[in-house]
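Here is how the chains run, residue by residue.
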Amino acid sequence: MRALLLTSDTAATRYLFAAAAWLAIGSLTWLAAMLAMRFPGLLPLTFGRLRPMAMIALGLGWLVLGLGAAIFYLLPRLTGAPLALEKQLNRALPLLILIVAAAMAIVGLGLGDGREPFALPWWLDLPVLGLTALALGPTMLTLSKRQEGMVYPSLWFALVGALWLPVLYLAGNLPRLSALGIALSDALFSAGFLNVWAVGVATGAAYYVVPKVSGQPLANRQLARVGFWSLAFGAVWMGVSQFAAGPQPEWLGGIAGVLGLALPVAGLANTTNLAMTIGQKWPAIGAQPVLKAALAGSSLVTLGSLLAALAGFRSASVLVGLTLFWEGVWVLILSGVALLFGAFAWQAVPNLVGRSVDRSTHQVVKRLSIGGVGTGLLLVLAGYTSGVAWSGAGFSGAFETTGAGWSAGVGLAGIFSGLALAVFVYLTWGMIGLALTIYRALTSGKATVQEVLVVKQT
Amino acid sequence: MTDYATAANTLGVPEAILRRSVEARAKADGVGADELLAAWAGGEAMPAAAPSAPATSAPPETAPGVPAEAAPAAAPVAPVAAPAEAPPPPRPTGPVAPPVLVGVNQRTNGVIAGSSAILFLSILLAFVVPSLPQPGTGVRSSNHAYSQGALEGQEIYLEQGCGSCHTQLIRAVVADAKLGPVTLSDSNQVFGYRRVGPDLSAIGGRTEDSAALANVLRGAGTHPAVTGLSDESLASLLTYLRESA
């Protein structure tokens, strides 16, 4: 532990290990939320409180800290300059952890504002805005001292992730909006957070670790460029379409449908690029969990993006809007991000702490992939069947009484969501396993060489 | 004359990428391209090799400058202080591998400016413009005249996260046809995000029996009990639902 504190990359190391803890906490809370959704009344807390609690732990605890760690890890390596404000980042970490814990507790106590995805009351928005901006200062300052003339695709993603997140958070949490304004700003922030911060930064990290681990240069820079700009164009449009035929202007659905198509384009471009980079090393992929995780993660993100884009067409959006379909899309994309995060962490941890990760990583990749696809698609089916049921007006009784239970009224959707819950347990096992691989590397990993950034005097 | 084609073949790297990497590295380190290629191919030690770092002794913030191995970074590899039972492995020797990250000499301003422009345009189109009131279409306004008690109940509705399972959004589609009048733009209801439970837009008009509604909130049927609320708060919540008609 002493070695960990003395060597370089202290901010990346500490944020990564803090993020792993939140990943485990968030996964268990999410499982509890899914249980509360499928079996209302089973747990003391309702789905309405547990879901935002899970999103706080996963979104603010795991993703903001963990992908922040990825940015802090990549920046010195891509710019040739030491990470700026590293001491301040280290000092701020306990406070940031406290903010996330307080946010979970406050929402759990029933003091949230009900807005997706975090439901934080206005007086907590300011400290959380600071949390979302934590990577901005170090990124810009490090960039201003850039010694390396080359710009790598990973740097684009890290840069935009750091830049966009605080602005999106601000736009997504403005007070005193109309009901429509709240719905649209929540959709904007949720989609932007997932696609720019989570998918974008994790993909950027994959663009660094895949060439490093495979020993192959990035196959195609132009494809990376397509992936990057498509993601930027399509980022915020996922989910807006579920309010189609509502009070939003007609043209918004059209724009969301068209620009939403950029998301699967980004996914396909990035996945193809990573696969082509691995190229001839494909037969050896089984021995490289980093490569397997990166490819599986990018594929899951692509699948989720594809479904989201399909649901952007008006005929589909009125069918699956406001259903569990969108929960399925979130599960698919978040599982993909977990795999991409695993790829980054498993490449970075040995370099950061001088200890290797164990072989359980193979099992983790399997659980995250199967669990993510299984849960995601079953929820998508649940959403689709309930949408069909509503449109067919076959279960109109469920509209008319408040006590009958909606999911009980749409039987087939209930079966699918029950199955999804069963597979979700497997996914949770994978997510906790991912966190454990990071901790086990620190506590009992075999000694290996550590990467130390050496700087030359200027 | 540097033979990039042969070197690319030997290293298994596309020639264009190799040429770009070599030229950049040679320029950065002030060495010849041939010399650098020979080092990458394992012929000799890397020219301008990075100084080895003392293991665990130099906190990054005290060491200004740039990574010696530049570009993608990484760097000289040094053994870390390893646990007593596992002695640190020997320092790796042998040929230095060519860099596998390939960049292009460019500024980052374009990325920052382009992505910022897209972000502001997206916010404008996806949120700001569609949220603006639509003047001149009086019938579009559908603000509910909630009483003070109902507004307090709406706060509780939000705090309890009811919108996670219930919508108050009736769309102009077949699926919503039996729910009630279509929701209009200026509604001050809580739209909600998914229908795990029924839509509650006009629940006050659909259910006459307040006692039955209260029982649902206390956990009757499949609805979970709303816990931790005082009788007053529960009454406010009920008032809100009753006035949502």
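Residues numbered from 1 in each chain as written. Chains lettered and ligands numbered in written order. Predicted model: local features only at pLDDT ≥ 70, side-chain atom pairs only at ≥ 80, totals over all residues. Heavy atoms only, no water.

Colleague: I keep staring at the overall build of chain A and nothing clicks. Help me out?
Modeller: Of regular secondary structure, chain A possesses 18 helices and 3 strands. Of all 458 residues assigned to chain A, the portion counted as buried reaches 68%. The long-range fraction of contacts in chain A, counting pairs at least 24 apart against all pairs at least 6 apart in sequence, stands at 85%. Within the structure as shown, chain A displays about 13900 Å² of accessible surface, and the carbon and sulfur contribution to it stands at 70%. (Helix = DSSP H or I, 4+ residues; strand = E, 2+ residues; numbered from the N terminus. Buried < 20%, exposed > 50% of the residue type's maximum accessible area, 1.4 Å probe, protein only. Contact = heavy atoms within 4.5 Å. Areas by Shrake-Rupley, 256 points an atom, 1.4 Å probe, with all protein chains shown as cover.)

Colleague: Help me understand helix H12 (residues 289–310) of chain A in this model?
Modeller: A turn of α-helix holds 3.6 residues, and therefore any two residues three or four places apart point the same way. For H12 of chain A, spanning 22 residues, the distance from its first C-alpha to its last is 31 Å, which sits close to the expected 32 Å at 1.5 Å a residue. Of all the 22 residues making up H12 of chain A, 17 are buried; the element is thus mostly covered by neighbouring parts of the structure. (Expected span 1.5 Å × (residues − 1).)

Colleague: Can you help me understand the packing of helix H6 (residues 136–144) of chain A against helix H7 (residues 153–172) of chain A in this one?
Modeller: Two quantities define a packed helix pair, namely the angle between the axes and the distance from one axis to the other. Residue and element names in this part refer to chain A. Between H6 and H7, whose axes approach to 9 Å, the crossing angle comes to 135 degrees. Between H6 and H7, the angle falls in the class oblique. As for the relative orientation of H6 and H7, their crossing is left-handed in sense. Where H6 approaches H7, its residues Leu-136, Thr-139, Met-140 and Leu-143 are matched on the opposing element by Leu-155, Leu-159, Ala-162, Leu-163 and Pro-166. Classifying every residue of the contact of H6 with H7 gives 8 nonpolar, 1 polar and no charged. (Axes fitted to C-alpha atoms, helices over the stretch in contact; angles between N-to-C directions. Parallel < 35°, antiparallel > 145°, perpendicular 65-115°, else oblique. Left-handed = near helix turned anticlockwise from the far one by under 90°. Nonpolar A, V, L, I, M, F, W, Y, C, P; charged D, E, K, R; others polar.)

Colleague: Explain the environment of Thr-375 of chain A to me, please; I cannot follow it from the model alone.
Modeller: Residues and elements named next belong to chain A. Tracing the chain through its elements places Thr-375 in helix H15 (residues 361–392). Thr-375 sits in the buried class, given a relative accessible area of 0%. In this structure the C-alpha to C-alpha distance between Thr-375 and Phe-416, which are 41 residues apart in sequence, comes to 9.4 Å. Here Thr-375 is in contact with Met-34, Val-331, Ala-420, Val-423, Phe-424 and Leu-427, once residues within four sequence places are set aside. Separated by 2.7 Å, the side chain of Thr-375 and the backbone oxygen of Gly-371 make a polar contact. (Polar contact = N/O pair within 3.5 Å; in protein donor to acceptor, adjacent residues only side chain to side chain.)

Colleague: In this structure, what is going on with the packing of aromatic side chains? I would like to understand it.
Modeller: All names here are of chain A. Taken as a whole and assessed by the stated rule, the structure comprises 19 aromatic pairs over all chains. Seen from their ring centres, Phe-157 and Phe-228 are 5.2 Å apart, and the 90 degrees between their planes marks the pair as edge-to-face. In this pair, Phe-157 sits in helix H7 while Phe-228 sits in helix H9 (residues 221–234), placing the two residues 71 residues apart along the sequence. Both rings, one in Tyr-169 and one in Phe-189, keep their centres 5.2 Å apart while their planes meet at 85 degrees; by these two values the pair is edge-to-face. One end of the pair, Tyr-169, is in helix H7; the other, Phe-189, is in helix H8 (residues 179–214), with 20 residues separating them in the sequence. Considered together, Tyr-169 and Phe-189 belong to a single accessibility category, that of buried residues. (Phe/Tyr/Trp six-rings, centres within 6.5 Å; stacked < 30°, edge-to-face > 60°.)

Colleague: I'm lost on a negative patch on the surface in this one. Help?
Modeller: Together, Glu-152, Glu-155, Asp-231 and Glu-232 of chain B make up a region of like negative charge exposed at the surface. The residue Glu-155 of chain B is located in helix H5 (residues 148–159) in this model. (Patch = residues over 30% accessible without salt bridge, like charges linked within 9 Å, V, L, I, M, F, W, Y side chains within 5 Å. Salt bridge = Lys/Arg side-chain N within 4 Å of Asp/Glu carboxyl O. Lys, Arg positive; Asp, Glu negative; His and termini not counted. Charge placed at Lys NZ, Arg CZ, Asp CG, Glu CD.)

Colleague: Would you explain unusual backbone geometry in this entry?
Modeller: The general pattern is negative phi for most residues beyond glycine and trans for most peptide bonds. Residue and element names in this part refer to chain A. Residue Pro-117 follows Glu-116 across a cis peptide bond; omega there is -5 degrees. The residue Pro-117 is located in the loop between helix H4 (86–108) and helix H5 (122–132) in this model. Despite not being glycine, Arg-176 shows a phi value in the positive range, around 60 degrees. When you line up the elements, Arg-176 lands in the loop between H7 and H8. The backbone of Ala-245 shows a phi angle near 70 degrees, a positive value even though the residue is not glycine. With respect to the helices and strands, the residue Ala-245 is situated in the loop between H9 and helix H10 (250–260). Judged by its relative accessible area of 10%, Ala-245 falls in the buried class.

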